[in-house]
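Chain by chain, the residues run as shown.
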Amino acid sequence: MMQSSDFGLAGATMLETVTAADSGALAEIEGFVAMRSDATPFHRPAWVCAVARGTGQEALFLIARGQGGDIRGLLPLNIIHSPIFGRALVSSGFAVNGGIVADEPATVRQLADAAIALAERRACETIELRGGLAPGAGWTVRTGGYLNFERPLAADDEAELLAIPRKHRAEVRKGLDMGYAVDTGDSEAMRASHYALYQRSVHNLGTPVFPRSLFDHVLDSFGGDAQVTQVSQGGVVLSSVIALYHRGAVMPYWQGADLNARKARSNEVLYFGLMRHARERGCHTFDFGRSKVGTGTAAYKKNWGFEAEPLDYFIYAAPGHDARNINPTAPQYQRKVELWKKLPAGLVDRIGPWIA
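Residues numbered from 1 in each chain as written. Predicted model: local features only at pLDDT ≥ 70, side-chain atom pairs only at ≥ 80, totals over all residues. Heavy atoms only, no water.

**Points about helix α2 (residues 45-55)**
Note: α-helices contain 3.6 residues per turn, so residues at a spacing of three or four share the same orientation. Among the 11 residues in α2, 10 count as buried, and that is most of the element. Burial in α2 covers these residues: P45, A46, W47, V48, C49, A50, V51, A52, G54 and T55. Its buried side turned inward, α2 meets α1 (23-35), β3 (58-65), β4 (71-82), α7 (212-222), β11 (236-246) and β12 (249-257). Downstream of α2 by a residue or two, G56 has a phi angle that is positive, lying close to 80°. (Buried < 20%, exposed > 50% of the residue type's maximum accessible area, 1.4 Å probe, protein only. Helix = DSSP H or I, 4+ residues; strand = E, 2+ residues; numbered from the N terminus. Contact = heavy atoms within 4.5 Å.)

**So, the side chain of D287**
By the element assignment, D287 lies in strand β13 (residues 285-292). One buried charged residue, D287, forms no salt bridge at all, with the nearest opposite charge on K301 at 7.3 Å. Within the structure, the side chain of D287 is placed 2.9 Å from the backbone nitrogen of G289, a separation counted as a polar contact. If we skip the residues at most four places from it in the chain, D287 touches N148, F149, E150, V250, M251 and P252. (Lys, Arg positive; Asp, Glu negative; His and termini not counted. Salt bridge = Lys/Arg side-chain N within 4 Å of Asp/Glu carboxyl O. Polar contact = N/O pair within 3.5 Å; in protein donor to acceptor, adjacent residues only side chain to side chain.)

**Topic: the packing of aromatic side chains**
Following the criterion strictly, the structure yields 20 aromatic pairs and no others. Here W47 and Y253 contribute two aromatic rings whose centre-to-centre distance is 5.6 Å and whose plane-to-plane angle is 90°, an arrangement assigned as edge-to-face. In this pair, W47 is assigned in helix α2 and Y253 in strand β12, connecting sequence segments 206 residues apart. Residue classification places W47 among the buried positions, given a relative accessible area of 0%. According to the relative accessible area criterion, Y253 is buried, its value standing at 18%. (Phe/Tyr/Trp six-rings, centres within 6.5 Å; stacked < 30°, edge-to-face > 60°.)

**Side note on the pattern of salt bridges**
Counted by the stated rule, this structure contains 24 salt bridges. For E171, the salt bridge identified is with R265, shortest N-O distance 2.6 Å. With E171 in helix α5 (residues 166-176) and R265 in the loop between α8 (261-264) and α9 (266-280), this pair connects stretches of sequence that are 94 residues apart. You can call E171 partly exposed: its relative accessible area is 26%.

**Some details on the packing of α2 against α7**
Taken N-terminus to C-terminus, the directions of α2 and α7 make an angle of 145°; their axes are 8 Å apart at the nearest point. For the crossing formed where α2 meets α7, the hand is right-handed. Together, A46, W47, A50, V51, R53, G54 and T55 of α2 and S213, L214, H217, V218, S221 and F222 of α7 make up the contact between the two elements. (Axes fitted to C-alpha atoms, helices over the stretch in contact; angles between N-to-C directions. Left-handed = near helix turned anticlockwise from the far one by under 90°.)

**Examining the pairing of strand β7 (residues 126-129)**
Residues T126 and E128 of β7 are buried on one face, and the alternating residues I127 and L129, pointing to the opposite face, are buried as well. Judged from the four bridges that link them, strand β5 (residues 86-91) and β7 form a sheet pairing that is parallel. By the bridge assignment for β7, S91 is matched with L129. (Pairing = 2+ DSSP bridges.)

**Thoughts on the nonpolar core**
Judged by nonpolar contacts, the single largest core of 48 residues is most densely connected at W47, V218, Y253 and W254. In terms of residues, this core owes the most to one element, α2, which gives seven residues. Among the nonpolar cores identified, the runner-up in size contains 27 residues, and V241, V250, L270 and A298 belong to it. (Core = buried A, V, L, I, M, F, W, Y, C linked by side-chain atoms within 4.5 Å.)

**Digging into the pairing of strand β14 (residues 308-317)**
With four bridges joining them, β7 and β14 adopt antiparallel strand pairing. Within the sheet, the bridge partner assigned to T126 lies in β14 and is A317.

**Digging into the environment of G138**
Take G138: it is sitting in the loop between β7 and β8 (140-152). For G138, a relative accessible area of 60% corresponds to the exposed category. Residues G138 and A317, spaced 179 residues apart in sequence, show a C-alpha to C-alpha distance of 9.0 Å.

**Quick look at the environment of H284**
Within the secondary structure, H284 is located in the loop between α9 and β13. Residue H284 is classed as partly exposed on the basis of its relative accessible area, which comes to 47%. Separated by 129 residues in sequence, H284 and A155 place their C-alpha atoms 9.0 Å apart. Leaving out residues up to four positions away in the same chain, H284 has contacts with P152, L153, R247 and G248.

**Structural notes on the confidence of the model for the protein chain**
Note that predicted coordinates carrying low pLDDT should not be read in detail. Summary statistics for the protein chain give a mean pLDDT of 89 and a share of 88% for residues scoring 70 or more. Contacts of residues 1-12 to residues separated by more than four positions or lying in other chains number 26 contacts, the stretch itself having pLDDT below 50. (pLDDT = per-residue confidence, 0-100.)

**Topic: unusual backbone geometry**
Cis geometry is adopted by the peptide bond preceding S92, which originates at S91 and carries an omega value of 0°. Positionally, S92 belongs in the loop between β5 and β6 (101-102). Although it is not a glycine, F94 sits at a positive phi angle of roughly 60°. Turning to its location among the elements, F94 is positioned in the loop between β5 and β6.

The structure is reproduced here in structure tokens:
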């Protein structure tokens, strides 16, 4: 059920807390997000509720309404409980973006204060807003840790190739000459082969894998707005990615690849094929997504001709508590990362989703 509260703010816009059970309000929020150029796929109830179903976490939405009852501001939230990192309110869970979307600064402040009140009631020590509008005083801005890479799609394949710097363009051409098959869909076979590759890729990076149920629920919730694209040869899948589509942009999000993918240049074919598919379905932007500063993935995206844009995250820690840090490149995690890489695949496949 929808619950209303003014959170003790005199003269505030009416704020409502919406749960995943309120299908009418969720549909209204989907419409609001679809109309906003500043919203992302991670603001969609389709994402936030898929995270809840796929990982056992909780989905909530704080919305602000104007005098006429129309939505004027939104903060999607997952209550994330981790056995390692504690409890946190996150906008949005398992996402690279989220945060507050609103028309006016006063509404931003109201939603931020409402999130703090909600965190206190739900015993969450940290709030993480991954992007969105700055919530104001009392919040820490975390910048410089992550970069985003985005640029317009070119008019056709040849123009797309010419947009890639010369050295990497040669690698893409070599991959295209290999005669690989490129397929897009969301069949059970494609989902299974994608997850198998993703498991091994994440293990090799030294981090726990997400549960497959998360991927299935995102694909199911997004419908045609989330699909698997794969590169294969002789029926063997070499590279695979789940991509999200939102307001004319395509975002390759969860990617996995065979250990020989670099030598086989199947990743080059994967992303070039995704660009072609996105262009054919009317997209105008390729959002290569977030990467940590100083990592190989950030350098790889620059090789494709993408410029880096720093991302700002906004953190609130309850009095007497330190904000959690879940960045696996942080120094305190390096020994754990190296240990995780050495553990048997069967073991990390079983316990990884629980940790993640």
